[in-house]
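Here is what each chain is made of, one letter per residue.
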Amino acid sequence: MAKKDFSDVTGLPDDLGIGDDLARAEQHLTVRVESRRYGKPMTIVEGFEDDSVDLRELASTLKRRLATGGTVDGGHIELQGDHAARLPDVLREEGFQVD
């Protein structure tokens, strides 16, 4: 799925970032927690449909907001620890839909 050019539809300049906001709002993300080595929890954020979201930048924001470590791996974000209770609200604040 290619990144949509919303400036043609809305008539607004690209630098307002409206297209980025709309692309985020269209994506339905899922948050799950799995147990890793030695029983340590890892929170996984999945469901990114295309390259309209900079996963590294989003992972950095999430790590900073949740005060945890993490990485981007194969089109999903992995965060150290169990953040299933708080992470959906943080993702919604960033403009995503969370299932």
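Look up a bit, the structure's there.
Residues numbered from 1 in each chain as written. Predicted model: local features only at pLDDT ≥ 70, side-chain atom pairs only at ≥ 80, totals over all residues. Heavy atoms only, no water.

1. Here's the deal with the nonpolar core
- Counting 16 residues, the largest nonpolar core has Phe-48, Leu-62, Ile-77 and Leu-91 as the members making the most contacts within it.
- Elements with a minimum of two residues in this core: α3 (55-66), β4 (76-80) and α4 (87-93).
- Considering every element that reaches this core, the biggest residue donor is α3, with five residues.
- The residues contacting Phe-48, other than those within four sequence positions of it, are Gln-27, Leu-29, Val-53, Leu-55, Leu-58, Gly-75, His-76, Ile-77 and Phe-96. (Core = buried A, V, L, I, M, F, W, Y, C linked by side-chain atoms within 4.5 Å. Buried < 20%, exposed > 50% of the residue type's maximum accessible area, 1.4 Å probe, protein only. Helix = DSSP H or I, 4+ residues; strand = E, 2+ residues; numbered from the N terminus. Contact = heavy atoms within 4.5 Å.)

2. Regarding the side chain of His-76
- For His-76, the location among the structural elements is in strand β4.
- The class of His-76 is buried, set by a relative accessible area of 16%.
- Only 2.8 Å separates the side chain of His-76 from the backbone oxygen of Asp-73, close enough to count as a polar contact.
- Beyond its immediate sequence surroundings of up to four residues, His-76 is in contact with Ile-44, Val-45, Glu-46, Phe-48, Leu-55 and Thr-71. (Polar contact = N/O pair within 3.5 Å; in protein donor to acceptor, adjacent residues only side chain to side chain.)

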